[in-house]
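One-letter residues, chain by chain:
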Amino acid sequence: MALIKSLKSRNSDLAEPAEQLKLLNGDIFREGKLPTFREKLMEINAFPLKPAAIKIFQMNIGYMCNQTCKHCHVDAGPDRKEIMSRETMQRCIDIISEHKFDTVDITGGAPEMNPDFRWFVSELRKTEVREIIVRCNLTIILANAKYNDLPEFFKANRIRVVSSLPFYNADRTDRQRGEGVFAKSVEALKLLNAVGYGLPDSGLILDLVYNPGGAFLPAEQSGLERDFKKELKDHFGIQFNMLLCLNNLPVSRFLEYLVESDNFDEYMDLLVRSFNPGAVQGVMCRDTISVDYDGFIYDCDFNQMLKMKVDRNASQHINDFDIKKLTERNIVINQHCFGCTAGAGSSCQGATT
Amino acid sequence: MEKSYYNPEDLKKFGNIAEFDAELAAKFFDYYGEVFKEGALTAREKSLIALAVAHAVQCPYCIDAYTQDTIAKGCSEEQMMEAVHVTAAIRGGASLVHGVQMMNKAKKLVM
């Protein structure tokens, strides 16, 4: 299995958001073969796309990761040094305390690799926020002895753990996430189960994230969840709460995969053909904002990676945080947004319909 | 006229059969949707059956569609190939079992 490196470390053209956007606005959209996302929204009178209420404050606290997954939209990896400072975290805590969001969703990279991660989570727990999500890639728990007690730390802070596991066997998982990742993920899941995560009535939520290992859309979430639960229980004795199905968005390394495997045009066509008007109201940018390591604000984590900040009339940085302007903003869209409205719809919380 | 009988783009136009007969097309697609819903068989099991049948009827559109569908429903390459072998076994068996007919006739004819 070839070792995957970040686009940035390979000096790939696609490391640049402008290059990605050029592709996303290429011939198939320019020549009218496919409608743009804006045109599709206009067809159903949903343009400009507006937020409902902001309930989820999502923070990407660093692009550093112990893994280099083939599909990663963050282009995360061990070589990425972008990381959120304690000062920026403190500013976020102040905002969260003031505005009482339902959920704080902490992501990365591997967020646990930020040296201030534990301080941040402990401080966050002192606020009134109802739910704290940590997007844990599982293998980080075994990556170094200093991370081995993460399950206890998560439990002590009543964290909802959301972890990617693209499949319930080694072959499909390792092809996407790197050799040996499945075995380590199973080990980590057992450690989480051992402290009560994913067990009935424990109150400790462990959700898994499925995203397709290729250029196709996921099948129906409940059917896949049933299969995942059965297979993981039968073969490894592992339990979890929900399976969240995500579509792969044509951004960063997944975009590179699409281009290199000659699947780009077909995949964009699939996303556009699978446009589900019923999924538009549930897109995550309507109830989520995404903050990057430097404190800039985006409509979602994908826009963050494309460096498409929120509309300039809204507050673009946490230092100017203005909930009213953010709630009234026009959401910034592009062709990658078809990924969130295809099929059953897709968000960081799984299918949206 | 197209230069080839089969064009991959035509798969996306399957729904266009309604253009010449909307009523029957609607009935067919409603039925089709119902057939593939979860029932006594799971949607995943039905997809594997469809993949096997697609090979039996050698429909390139169906093979394209149900390769995608079985993968999306979490079937492994091994399971998909086993389904195709079921097709081959039944098709091969269907030929070979007629060998009995041949033998019956031969035995009757030959002294």
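Residues numbered from 1 in each chain as written. Chains lettered and ligands numbered in written order. Predicted model: local features only at pLDDT ≥ 70, side-chain atom pairs only at ≥ 80, totals over all residues. Heavy atoms only, no water.

A.B. asks: Describe the overall build of chain A, listing the residues and the values that go with them.
C.D. replies: Looking only at helices and strands, chain A features 16 helices and eight strands. In terms of C-alpha radius of gyration, chain A reaches 19 Å, essentially the compact-globule figure of 20 Å for 353 residues. Taking the principal axes of the C-alpha coordinates as reference, chain A spans close to 55 × 45 × 40 Å. Here chain A holds 353 residues, and 58% of them are scored as buried. Taking the contacts inside chain A whose residues are at least 6 apart along the sequence as the reference set, 74% of them involve residues at least 24 apart. Counting only carbon and sulfur atoms, one obtains 49% of the accessible surface of chain A, whose full area is about 14400 Å². Charged side chains of chain A number 43 positive and 48 negative; the gap between the two group centres comes to 2 Å. (Helix = DSSP H or I, 4+ residues; strand = E, 2+ residues; numbered from the N terminus. Rg over C-alpha atoms; globule rule 2.2 N^0.38 Å. Buried < 20%, exposed > 50% of the residue type's maximum accessible area, 1.4 Å probe, protein only. Contact = heavy atoms within 4.5 Å. Areas by Shrake-Rupley, 256 points an atom, 1.4 Å probe, with all protein chains shown as cover. Lys, Arg positive; Asp, Glu negative; His and termini not counted. Charge placed at Lys NZ, Arg CZ, Asp CG, Glu CD.)

A.B. asks: Account for the interface of chain B and chain A, naming residues and giving values.
C.D. replies: Taken together, the 12 residues of chain B in the interface contact 17 residues of chain A. Between chain B and chain A, the buried area comes to about 1100 Å², and carbon and sulfur atoms account for 45% of it. Inspection of the chain B/chain A interface yields five salt bridges. Residue Glu-38 of chain B is joined to Arg-226 of chain A by a salt bridge in which the shortest nitrogen-to-oxygen separation is 2.9 Å. Our count for the chain B to chain A interface comes out at nine residue pairs in polar contact (both at pLDDT 80 or more). (Buried area = accessible area lost by both parts, 1.4 Å probe. Salt bridge = Lys/Arg side-chain N within 4 Å of Asp/Glu carboxyl O. Polar contact = N/O pair within 3.5 Å; in protein donor to acceptor, adjacent residues only side chain to side chain.)

A.B. asks: An account of helix 10 (residues 221-236) of chain A is needed here, citing residue identities and associated values.
C.D. replies: Along its 16 residues, helix 10 of chain A runs 21 Å from first to last C-alpha, staying within 8% of the 22 Å computed at 1.5 Å per residue. Of the positions making up helix 10 of chain A, those classed as buried are Gly-223, Leu-224, Asp-227, Phe-228 and Leu-232 of chain A. Looking straight down helix 10 of chain A, one finds that the buried residues subtend no more than 145° of arc, so they occupy a single side. Elements in contact with the buried residues of helix 10 of chain A: strand 5 (206-210) and strand 6 (243-245) of chain A together with helix 2 (43-56) and helix 3 (60-72) of chain B. Immediately downstream of helix 10 of chain A, the backbone of Gly-237 of chain A shows phi near 70°, a positive value. (Expected span 1.5 Å × (residues − 1). Arc of directions from axis to C-beta.)

A.B. asks: Outline the environment of Val-209 of chain A, supporting the account with residue identities and numerical values.
C.D. replies: All names here are of chain A. Locating Val-209 in the fold gives a position in strand 5. Taking the C-alpha atoms as reference, Val-209 lies 9.6 Å from Arg-135; in sequence the two are 74 residues apart. With near-sequence residues (within four places) excluded, Val-209 lies in contact with Arg-135, Val-162, Ser-163, Ser-164, Leu-165, Pro-166, Leu-243, Leu-244 and Leu-246.

A.B. asks: Please set out helix 1 (residues 17-24) of chain A residue by residue, giving values where relevant.
C.D. replies: Residues and elements named next belong to chain A. Within the span of helix 1, buried status applies to Pro-17, Gln-20, Leu-21 and Leu-24. Mapping the buried residues of helix 1 onto a view down its axis gives an arc of 95°, with all of them on the same face. Turned more than 90 degrees away from the buried face of helix 1, the exposed residues are Ala-18 and Lys-22.

A.B. asks: Report on the sheet that holds strand 6 of chain A, specifying residues and quantitative values.
C.D. replies: Residue and element names in this part refer to chain A. Strand order in the open sheet formed by eight strands is 6-5-4-3-2-1-7-8, with mixed pairing between adjacent strands. On the outer flanks of this sheet lie strand 6 and strand 8 (297-298), each paired with one strand and no other. Sheet topology places strand 1 (residues 56-60) next to strand 2 (residues 103-107); five bridges connect them, and they run parallel. Bridge pairing links Met-59 to Ile-106 in strand 2. (Pairing = 2+ DSSP bridges.)

A.B. asks: Account for the state of the cysteines, with residues named and values stated.
C.D. replies: The tally for this structure, following the rule as stated, stands at zero disulfides over all chains. Looking at Cys-348 of chain A, it has no disulfide partner, and the nearest cysteine sulfur is the one in Cys-300 of chain A, 7.8 Å off. (Disulfide = S-S within 2.5 Å.)

A.B. asks: Run through a negative patch on the surface, naming residues and quoting values.
C.D. replies: Taken together, Asp-262, Asp-265 and Glu-266 of chain A together with Asp-64 of chain B make up a surface patch of like negative charges. If you trace the backbone, Asp-64 of chain B turns up in helix 3. (Patch = residues over 30% accessible without salt bridge, like charges linked within 9 Å, V, L, I, M, F, W, Y side chains within 5 Å.)

A.B. asks: If you had to explain the pairing of strand 5 of chain A to someone new, which residues and values would you point to?
C.D. replies: Residues and elements named next belong to chain A. Taking burial as the measure, the five residues of strand 5 include five buried ones, the bulk of the element. Going residue by residue along strand 5, you find Leu-206, Leu-208 and Tyr-210 tucked away on one face and Asp-207 and Val-209 tucked away on the opposite face as well. Note that strand 5 and strand 6 share three bridges and pair parallel. Within the sheet, the bridge partner assigned to Leu-208 lies in strand 6 and is Leu-243.

A.B. asks: Requested: an account of the packing of aromatic side chains, with residues and values cited.
C.D. replies: Scanning all chains against the criterion turns up 24 aromatic pairs over all chains. Pairing Phe-28 of chain B with Phe-29 of chain B gives two aromatic rings, centres 5.3 Å apart and planes at 70°, and the pair type is edge-to-face. Accessibility expressed as a relative area gives 34% for Phe-28 of chain B, which makes it partly exposed. With a centroid separation of 5.4 Å and 25° between ring planes, the pair formed by Phe-36 of chain B and Tyr-66 of chain B is classed as stacked. One end of the pair, Phe-36 of chain B, is in the loop between helix 1 (22-35) and helix 2; the other, Tyr-66 of chain B, is in helix 3, and 30 residues separate them in sequence. For Tyr-66 of chain B, a relative accessible area of 10% translates into the label buried. Members of the aromatic cluster, connected to one another through ring pairs, are Phe-14, Phe-28, Phe-29, Tyr-32, Phe-36 and Tyr-66 of chain B. Stacked on the ring of Trp-119 of chain A, the Lys or Arg Arg-86 of chain A has its end atom at 4.4 Å from the ring centre. Directly above the ring of Phe-240 of chain A sits Lys-229 of chain A, whose terminal nitrogen or CZ lies 5.4 Å from the centroid. (Phe/Tyr/Trp six-rings, centres within 6.5 Å; stacked < 30°, edge-to-face > 60°. Lys NZ or Arg CZ within 6 Å of the ring centre and 35° of its normal.)

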